[in-house]
Amino acid sequence: MPGPGTKTINLQQGTRRRYGFALTPLADAMFQLLIFFMLSSTLSPFSLIALTAGAPPGQSELQGKPQPEAVAIDASDNLVIWHLSRGQVRSGDQVLPLDALAAIVPALLAKGTPDVLIYPTRSATVQDIATVLEVLGARGVAKVRLIAGSQVGGG
Amino acid sequence: MRKARLSPNHTRQRPDFSLAIVNIVLLLVFFFLITGSLVQQGETSVDLAATTELPLERLPRPLLLVDAQGAMALDGVAVTADTLAGLLGPQMPEALYLLADKGLSADLLMALTTRPDLAAVSMRLITLHERRVALP
């Protein structure tokens, strides 16, 4: 029996302690992830232009032999030859700025499916190639060939 | 005797906003995961050619960085045109993505795309999509 002045603590009958679900660590982890993705990623919108066609099966075993279809040019009726310089295209004796290229594509398409051969000159840059391929591709000109190593002066 | 009409004294519970914050941050994380592309240091250094009409794409891999002078790096590793095929390995990837500077000479680009040892790889030029500016 406890004596006078002593207290009895009953551990069994105490109120049950409630443990709440702490969201603060979760929020901290989320912020860490957010900061990581914000710093390490770029939201720049990119586009892709195919420069070469997909390799046919077995092409990797050619070991440097030139593809016959890459050098043979069909003399089709609607063959268009452009010499690409910095910011302009020359077709025969006609020189067109790249900004005006979109306007002449419908006329080419009206004659039939054009086969466009592009000879980049020494002054041409990657931006010029991208512009020409974009204009032709966006307007449905499917057959475009870039002729490498032409070493054509101009521009 | 009048009865007190006041309700018994109890502490007013403050609303917990932490769950809402977690939800919003999670949505932001998803946004950056879906729309963003992870880039390595130096890959944003080149000035890309701009296009306006092509559809949007994410930054793919393997990525060949070519600066205006023609110096190249494959996924952050410096390479030359001669060592590129070896670095891509015997099992060449289906496509190689070119992050080329817009001022790079077209001759250099064409020389790269027509290399016989890279004939099995389809090359694609990455451009920066710009919004078309509406003329007044």
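Placed above this text is the structure.
Described in the following lines is the structure provided in the data block. Since the model is a prediction, treat every value here as computed from it, not as a measurement. (Residues numbered from 1 in each chain as written. Chains lettered and ligands numbered in written order. Predicted model: local features only at pLDDT ≥ 70, side-chain atom pairs only at ≥ 80, totals over all residues.)

### Observations regarding the sheet that holds strand β4 (residues 88–91) of chain A
Residue and element names in this part refer to chain A. Pairing is mixed in the open sheet, where 5 strands are placed in the order β5-β4-β3-β6-β7. Edge positions in the open sheet fall to β5 (94–97) and β7 (143–146), since each of these has one partner strand only. Going from strand to strand, the sheet's axes swing by 25° on average, the running direction of each strand aside. With 4 bridges joining them, strand β6 (residues 115–120) and β7 adopt parallel strand pairing. Across the sheet, L117 pairs through a bridge with R145, a residue of β7. (Pairing = 2+ DSSP bridges. Helix = DSSP H or I, 4+ residues; strand = E, 2+ residues; numbered from the N terminus. Axes fitted to C-alpha atoms, helices over the stretch in contact; angles between N-to-C directions.)

### Observations regarding the pairing of strand β3 (residues 79–85) of chain A
Residues and elements named next belong to chain A. Two strands pair when backbone bridges link them, and β3 and β6 are joined in this way by 6 bridges, in the parallel orientation. Bridge pairing in β6 places L79 opposite D115. Pairing of β3 with β4 involves 3 bridges; the strand directions are antiparallel. Its bridge partner lying in β4, H83 is registered against R90. The turn joining β3 and β4, which pair antiparallel and follow one another in sequence, is formed by 2 residues; a positive phi near 80° is taken by G87.

### Considerations on the interface of chain B and chain A
Between chain B and chain A, the residue contacts involve 52 residues of the former and 44 residues of the latter. If you list the elements that add at least two residues to the side of chain B that touches chain A, you get α1 (18–35), β1 (37–38), α3 (106–113) and β7 (122–129) of chain B. When residues of the side of chain B that touches chain A are assigned to their parent elements, the largest contribution, 11 residues, is made by α1 of chain B. Residue composition of the side of chain B that touches chain A, by class: 31 nonpolar, 13 polar and 8 charged. Sheet topology note: the strand β1 (residues 41–42) of chain A/β1 of chain B ladder contains 2 bridges and is antiparallel. For T42 of chain A, the partnering residue across the bridge sits in β1 of chain B and is S37 of chain B. (Contact = placed C-beta atoms within 7 Å. Nonpolar A, V, L, I, M, F, W, Y, C, P; charged D, E, K, R; others polar.)

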